[in-house]
Amino acid sequence: MPRQLSDFSEKEQAIIEQMGYSHIPIAHLEAFFTTAQAMQLDPRLKKDIVLIERKSKKGGKTYNIQVGIAGYRKSARKIADSKGLSIKVSPWKYAGEDGQWRELWSFKRDGMPLAAQVTVYRDGEPFVQTAMWDEFAQTFNDGNPMALWASKPSYMLGKTAESLAWRQAFPEEMGDTNEEAEVEAMRRQDEQEEQPSIEKQGGGLQDAVVVEEQPAAIEQQGTSGLTKEEQGLLDE
């Protein structure tokens, strides 16, 4: 018999209600709680771990387990402590058109970095991940970066690379999660694939109603135009 909301524990039901997850399919809720438990994260802390709703390719809805950089770091420390592992993170490195890696990057002097690279060491074993600007940076239609990608590009690309490295180092616990930039990249891809069908049905993009990605629990907008989650990145 399929599982119902009533089958979740009282604590889980309270979290589902508190976080606004009641409409989410049971399978996604189960995956969310299982992942939060494996990563030893509090599912009520959206800055660490949260369910993000986006449109699926078939026109419905799908959900991603999004983890923030603070969540990955916190989880890695807890997992390492519980398993007696040693962990270490290299300094963030950046490369431009010359292909040379360096730790210091000033976008006002050097422009936007083309890539960021981070190495996570798990018991001395290196896990290297590189995040490319073209793959992850959130931009407007004219190609200019938006929000924190415009004001803090090295930080945004660096934390994306570090998140990928943590996930590679701890695939069993973190393998089913996504970093914020990855979720946004998926959303942009969904929109690009949807545009041709919209143009055929409505005669042009001007006739279309674009549905933006919505967190499962809607964020309040700050006066700066950033969500609280984005503003929280500035405090990390």
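The structure this text deals with has already been given above.
Please read these numbers as outputs of a predicted model, since none were measured by experiment.

In this structure, what is going on with the overall build of the protein? I would like to understand it.
On a plain count of helices and strands, the protein comes out with 10 helices and nine strands. Here the protein holds 236 residues, and the buried ones make up 42% of them. For the protein, the exposed area adds up to about 13,000 Å²; of that, 49% sits on carbon and sulfur atoms.

What is the right way to look at the nonpolar core in this model?
Most often, soluble globular proteins have nonpolar side chains that are buried together. Within the largest apolar cluster, 32 residues are counted, with the highest numbers of intra-cluster contacts made by Tyr 21, Leu 51, Phe 170 and Met 174. Elements with a contribution of two residues or more to this core: helix H1 (10-19), helix H2 (26-38), strand E1 (49-55), strand E2 (61-67), helix H3 (69-83) and helix H7 (153-169). Of all hydrophobic cores here, the second largest spans 18 residues; its members include Ala 131, Leu 148, Trp 149 and Tyr 155.

Would you mind showing me how to read the pattern of salt bridges here?
Oppositely charged side chains can pair when the atoms bearing their charge come close. Enumeration over the complete set of coordinates arrives at 12 salt bridges. Among the salt bridges present, the one from Glu 180 reaches Lys 159, with a minimum N-O distance of 3.9 Å. Of the two residues, Glu 180 is situated in helix H9 (residues 180-202) and Lys 159 in helix H7; the sequence distance between them amounts to 21 residues. Judged by its relative accessible area of 14%, Glu 180 is buried. Through salt bridges that share partners, Asp 98, Arg 102, Arg 109 and Asp 110 make up one connected network.

I keep staring at the packing of aromatic side chains and nothing clicks. Help me out?
What describes a pair of aromatic rings is the distance from one ring centre to the other and the angle between the planes of the rings. Overall, the coordinates contain seven aromatic pairs when judged by the stated rule. Seen from their ring centres, Phe 32 and Phe 33 are 5.5 Å apart, and the 65° between their planes marks the pair as edge-to-face. You can call Phe 33 buried: its relative accessible area is 9%. Put simply, the rings of Phe 8, Tyr 21, Phe 32 and Phe 33 pair up and form one aromatic cluster. Over the ring of Tyr 121 we find Lys 88, and its NZ or CZ is 5.0 Å from the ring centre.

What's the story with the environment of Val 118 in this structure? I'm lost.
Relative to the elements of secondary structure, Val 118 occurs in strand E6 (residues 115-122). The buried category is assigned to Val 118, whose relative accessible area is 0%. Placed 42 residues apart in sequence, Val 118 and Thr 160 show a C-alpha to C-alpha distance of 9.2 Å.

For this particular structure, what's the right way to read the pairing of E6?
Successive side chains on a regular strand alternate, one facing one side of the sheet and the next facing the other. Taken across its eight residues, E6 has six buried, putting it largely inside the fold. Sheet analysis places strand E3 (residues 87-89) next to E6, joined by three bridges and oriented antiparallel. From the neighbouring strand, Val 89 faces E6, where its bridge partner is Val 120. Relative to E6, strand E4 (residues 93-95) runs antiparallel, the two sharing three bridges. Paired with Tyr 94 across the bridge in E6 is Ala 116. Bridge analysis of E6 against strand E7 (residues 125-132) gives eight bridges, and the strand direction is antiparallel. Paired with Ala 116 across the strands is Ala 131, a residue of E7.

Each value, and the rule that gives it
- Residues numbered from 1 in each chain as written.
- Predicted model: local features only at pLDDT ≥ 70, side-chain atom pairs only at ≥ 80, totals over all residues.
- Heavy atoms only, no water.
- Helix = DSSP H or I, 4+ residues; strand = E, 2+ residues; numbered from the N terminus.
- Buried < 20%, exposed > 50% of the residue type's maximum accessible area, 1.4 Å probe, protein only.
- Areas by Shrake-Rupley, 256 points an atom, 1.4 Å probe, with all protein chains shown as cover.
- Core = buried A, V, L, I, M, F, W, Y, C linked by side-chain atoms within 4.5 Å.
- Salt bridge = Lys/Arg side-chain N within 4 Å of Asp/Glu carboxyl O.
- Phe/Tyr/Trp six-rings, centres within 6.5 Å; stacked < 30°, edge-to-face > 60°.
- Lys NZ or Arg CZ within 6 Å of the ring centre and 35° of its normal.
- Pairing = 2+ DSSP bridges.

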